[in-house]
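Chain residues, written in single-letter form:
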Amino acid sequence: RNLNAVEGDLPAVEAHQCLTKCAAEVAAGKQEVCRDRKLNNGNSWEEANGNTCMDYQRFRYCTDSGQPTQAYMDAHGGTFSPSEDGTVASEACCACGGGGARS
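The structure displayed is predicted, hence computed values, not measured ones.

## A few points about unusual backbone geometry
Excluding glycine, a negative phi dihedral is what most residues carry, and trans is how most peptide bonds are arranged.
Now for step 1: The phi angle at arginine 60 is positive, at roughly 50 degrees, despite the residue not being glycine.
Now for step 2: Take arginine 60: its relative accessible area is 36%, and that puts it in the partly exposed class.

This is the structure we're talking about:
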């Protein structure tokens, strides 16, 4: 389950229940929290078009399995733009199925 999922994907009651359950599972050590990766220099991840992981989540530029959505294609073309260290959103961003899991 993606703890960074945009609540707009679910009706409000379901989103609240999901987030409450996920938070309880994390607190109990049953689930890891996904953290967006940083660039090699330690800065927050950002790709060549200036989009951050938060942008990918906010604008729903990717699926949770790492594929570009129609919204991304309409705004930027077909494939994800890499960051300065060569990573793309599907590797770096939790909302896109990437990121790093830490308990």
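## So, the state of the cysteines
Now for step 1: Under the defined criterion, the tally for this structure stands at three disulfides.
Now for step 2: The disulfide partner of cysteine 34 is cysteine 94, and the gap between their sulfur atoms is 2.0 Å. Around the S-S axis, the bridge from cysteine 34 to cysteine 94 shows a dihedral of about -90 degrees and counts as left-handed. Placement of cysteine 34 in strand S1 (residues 33–35) and of cysteine 94 in the loop between helix H4 (89–92) and strand S2 (100–102) is noted, with a sequence separation of 60 residues between them.
Now for step 3: The exposure class assigned to cysteine 34 is partly exposed, which follows from its relative accessible area of 22%.
Now for step 4: The partner cysteine of cysteine 53 in its disulfide is cysteine 93, sulfur to sulfur 2.1 Å. Between cysteine 53 and cysteine 93 the sulfur-sulfur dihedral comes to about -80 degrees; the bridge is accordingly left-handed.

## Brief notes about the side chain of threonine 87
Now for step 1: Position of threonine 87 relative to the elements: it lies in the loop between helix H3 (70–76) and H4.
Now for step 2: Here aspartate 85 takes part through its side chain, which lies 2.9 Å from a polar atom of the side chain of threonine 87.

## Considering the confidence of the model for the chain
Now for step 1: Of the residues in the chain, 67% have a pLDDT of 70 or more, and the chain-wide mean is 80.
Now for step 2: Scored below 50 in pLDDT, residues 1–11 makes 27 contacts in the model with residues more than four places away or belonging to other chains.

## Some remarks on the pattern of salt bridges
Now for step 1: The final tally for this structure, using the stated rule, is one salt bridge.
Now for step 2: Residue arginine 58 pairs with aspartate 55 through a salt bridge whose shortest N-O separation is 3.1 Å. In this pair, arginine 58 and aspartate 55 both sit in helix H2 (residues 53–58), three residues apart, roughly one turn of the helix.
Now for step 3: On the basis of relative accessible area, aspartate 55 is assigned to the buried category, the value being 13%.

## Focus: the environment of methionine 54
Now for step 1: Within the secondary structure layout, methionine 54 lies in helix H2.
Now for step 2: Given the relative accessible area of 48%, methionine 54 is considered partly exposed.

About the thresholds
Residues numbered from 1 in each chain as written. Predicted model: local features only at pLDDT ≥ 70, side-chain atom pairs only at ≥ 80, totals over all residues. Heavy atoms only, no water. Buried < 20%, exposed > 50% of the residue type's maximum accessible area, 1.4 Å probe, protein only. Disulfide = S-S within 2.5 Å. Helix = DSSP H or I, 4+ residues; strand = E, 2+ residues; numbered from the N terminus. Polar contact = N/O pair within 3.5 Å; in protein donor to acceptor, adjacent residues only side chain to side chain. pLDDT = per-residue confidence, 0-100. Contact = heavy atoms within 4.5 Å. Salt bridge = Lys/Arg side-chain N within 4 Å of Asp/Glu carboxyl O.

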